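# Architecture at a glance
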Number of protein chains: 2
Amino acid sequence: MTKTEIAIKMVLDRWHGSVTNLNRILSDLTDAQLQMEIVPGKNNGTYLLGHLIAVHDDMLILLGMGEKLYPALFEPFIKQPFNAAAQLPSVAELKAMWIHQHKVMQQKFSSVTADEWFGRHTAVSEDEFLKEPHRNKLNIIITRTSHLQYHSGQIVLLKTNKNEQ
Amino acid sequence: MTKTEIAIKMVLDRWHGSVTNLNRILSDLTDAQLQMEIVPGKNNGTYLLGHLIAVHDDMLILLGMGEKLYPALFEPFIKQPFNAAAQLPSVAELKAMWIHQHKVMQQKFSSVTADEWFGRHTAVSEDEFLKEPHRNKLNIIITRTSHLQYHSGQIVLLKTNKNEQ
């Protein structure tokens, strides 16, 4: 393996490991727990899960991998902040979207070449990319893995409430 | 820049960006807020800050960059779980350690060559490394950035309690 191939493997391993980690957290939570606010008056687990799906859907656009799977999630889960009174998809629907989305992403990621990972993502122009070659597709995976970990650290806190169910 | 150099830049940028993000969160919190539990009965902000310093100290060992700066933090912040009754360093002491540690780390990181980043870390044997070349120093930065983001997503929740101070 070349250093470039090793770097790509490390970044994708961390992405997949972070998805797997959230899967494990979700499997430990009841639907009722996931609907609770992480701390009073703040995002609940359902909102954070929908937010992650909406952000990962946007990755498909940034990576030039086709259309979003769930474009209707942009408005309630990115544009709008959490609102306890909002009509949102059910926990079961969101969990099914999450699972399907990451199967699709894993499949798409597996066929990307090293040169493609280091090619520009769709939100950067050709001119900008000449000066800033780090604004590539692999960097989208790096930054979204951070974002996923940040919110996973919040969702896991709902486990504390297990005894209250 | 070669692809290898771009990969290293992306990983280090995400590390430094994550440290900066936690600095910003900490600067928004009073010492009293940081001493509160994130959710009742779980880790408080002070414990998480000490835990991050202790984990980052261990990175110096894994990266072969000399001795830990604060070895005394291993016992209370890694080996022991959070205990509200434990005698721990003050918030001011921990914040000073955090700032100093990341200045030291930034300086050390800036002189590492590309070949060194892709060299084995100290917890993997030469034989293992031949088969698993991704167990290198750069991967330590990738995994600890995930860990830092996970706990930063928890510490930021203390901001909610601002009005209660």
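The rules behind these values
Here the residue index of a chain counts from 1 through its sequence in written order. The naming scheme follows written order: chains are lettered A onward, ligands numbered 1 onward. Where totals are concerned, whole chains, interfaces and linings use all residues; where local detail is concerned, this predicted model gives features only for residues with pLDDT of at least 70, and gives and counts side-chain atom pairs only at 80 or more. Here the side-chain values reflect all heavy atoms present in the structure, with hydrogen atoms and water set aside. Buried Ala, Val, Leu, Ile, Met, Phe, Trp, Tyr and Cys residues that are joined via side-chain atoms within 4.5 Å together make up what is termed a nonpolar core. Partly exposed residues are those whose accessible area sits between 20% and 50% of the maximum for their type, while under 20% is buried and over 50% is exposed, using a 1.4 Å probe and protein chains only. Think of it this way: any DSSP run of H or I at least four residues long counts as a helix, any run of E at least two long counts as a strand, and we number them from the N terminus. In what follows, a contact means two residues having at least one pair of non-hydrogen atoms within 4.5 Å. In this analysis, the expected span of each helix is defined as 1.5 Å times one less than the number of residues it contains. Between N or O atoms, a polar contact is any pair within 3.5 Å; within protein, one atom must be a potential hydrogen donor and the other a potential acceptor, and residues adjacent in sequence are included only when both atoms are from side chains. Here a cavity means grid points, on a 1 Å grid over the protein atoms only, where a 1.4 Å probe fits yet cannot get out; a pocket means an open set of points with protein on both sides within 12 Å along at least five of seven lines; lining residues are those with an atom within 4 Å of a point. Grid points are joined across faces, edges and corners, and a volume is the space filled by probe spheres set on the points. In this classification, the charged set is Asp, Glu, Lys and Arg, the nonpolar set is Ala, Val, Leu, Ile, Met, Phe, Trp, Tyr, Cys and Pro, and all remaining amino acids, among them Gly, are polar. To superpose the copies, least squares is applied to the C-alpha atoms of every residue with a pLDDT of at least 70 in both. Only Phe, Tyr and Trp rings take part, Trp by its six-membered ring, and two of them pair if their centres are within 6.5 Å. Stacked means planes under 30 degrees apart, edge-to-face means over 60, and tilted covers everything else. We count a salt bridge whenever a side-chain nitrogen from Lys or Arg sits within 4 Å of a carboxyl oxygen from Asp or Glu.

## Overview of the nonpolar core
- By size, the foremost hydrophobic cluster in this structure holds 98 residues, and its most contacted members are Phe109 and Trp117 of chain A together with Phe109 and Trp117 of chain B.
- Sorting the residues of this core by element identifies α1 (3-27), α3 (45-62), α5 (91-110) and α8 (137-155) of chain A together with α1 (3-27), α3 (45-62), α5 (91-110) and α8 (137-155) of chain B as the ones contributing at least two each.
- Residues contacting phenylalanine 109 of chain B, with those up to four places away along its chain left out, are Leu12, Trp15, His16, Met59, Leu63, Met65, Trp117 and Ile141 of chain B.

## So, α8 of chain A
- The end-to-end C-alpha distance of α8 of chain A is 27 Å, a good match for the 27 Å that 19 residues give at a rise of 1.5 Å each.
- For α8 of chain A, the side-chain oxygen to backbone nitrogen distance between the N-cap and leucine 138 of chain A is 3.1 Å, and the N-cap itself is asparagine 136 of chain A.

## Observations regarding α3 of chain A
Residue and element names in this part refer to chain A.
- Helix length check: α3 (18 residues) gives 26 Å between terminal C-alpha atoms against 26 Å at 1.5 Å per residue, within 8%.
- Measuring from the side-chain oxygen of the N-cap residue of α3 to the backbone nitrogen of threonine 46 gives 3.3 Å; that N-cap residue is asparagine 44.
- At the C-terminal side of α3, glycine 64 shows a positive phi close to 65°.

## A few points about empty space enclosed by the protein
- One pass over the structure, following the stated rule, counts 1 cavity of 30 Å³ or more.
- Computed from the structure, the largest cavity encloses a volume of approximately 120 Å³.
- Looking at the largest cavity, the residues that line it are Val11, Arg14, Ile141, Ile142, Thr145 and Ser146 of chain A together with Val11, Arg14, Ile142, Thr145 and Ser146 of chain B.
- At the level of secondary structure, the elements contributing two or more residues to the lining of the largest cavity comprise α1 and α8 of chain A together with α1 and α8 of chain B.
- At 4 residues, the largest contribution of residues to the lining of the largest cavity is made by α8 of chain A.
- For the lining of the largest cavity, the class distribution of residues is 5 nonpolar, 4 polar and 2 charged.

## So, the relation of the copies chain B and chain A
- For the pair chain B and chain A, the superposition axis carries a translation of 0.0 Å, the fit reaches an RMSD of 0.0 Å, and the rotation angle comes to 180°. Taken together, the rotation angle and the small translation identify this as a two-fold axis. Among all residues of chain B, the minimum C-alpha distance to the rotation axis is found for tyrosine 150 of chain B, at 2.2 Å.
- A shared binding surface is used by both copies, with 100% of the interface residues of chain B retained as interface residues in chain A.

## Some remarks on the packing of aromatic side chains
- Counting across every chain of the model gives 8 aromatic pairs over all chains.
- Both rings, one in tyrosine 47 of chain B and one in phenylalanine 77 of chain B, keep their centres 5.6 Å apart while their planes meet at 45°; by these two values the pair is tilted. Within this pair, whereas tyrosine 47 of chain B is found in helix α3, its partner phenylalanine 77 of chain B is found in helix α4 (residues 74-79), the two being separated by 30 residues in sequence. Phenylalanine 77 of chain B carries the same exposure label as tyrosine 47 of chain B, and that label is buried.
- Here tyrosine 47 of chain B and phenylalanine 82 of chain B contribute two aromatic rings whose centre-to-centre distance is 5.9 Å and whose plane-to-plane angle is 65°, an arrangement assigned as edge-to-face. Of the two residues, tyrosine 47 of chain B sits in helix α3 while phenylalanine 82 of chain B sits in the loop between α4 and α5, which places them 35 residues apart along the sequence.
- You can call tyrosine 47 of chain B buried: its relative accessible area is 7%.
- According to the relative accessible area criterion, phenylalanine 82 of chain B is buried, its value standing at 17%.
- By the ring-pair criterion, three or more aromatic residues cluster together here, those being Trp15, Phe109 and Trp117 of chain A.

## Considerations on the pattern of salt bridges
- Summed over the entire model, instances satisfying the criterion amount to 14 salt bridges over all chains.
- The partner of aspartate 115 of chain B in a salt bridge is lysine 3 of chain A, with the nearest N and O atoms 3.1 Å apart. Separated into two different chains, aspartate 115 of chain B in helix α6 (residues 114-117) and lysine 3 of chain A in helix α1 make up a pair that spans both.
- Taking relative accessible area as the criterion, aspartate 115 of chain B reaches 54% and is therefore assigned exposed.
- Note that lysine 95 of chain B is salt-bridged to aspartate 31 of chain B, the shortest N-O span being 3.3 Å. Here lysine 95 of chain B, found in helix α5, pairs with aspartate 31 of chain B, found in helix α2 (residues 31-34); they are 64 residues apart in sequence, far enough to count as distant.

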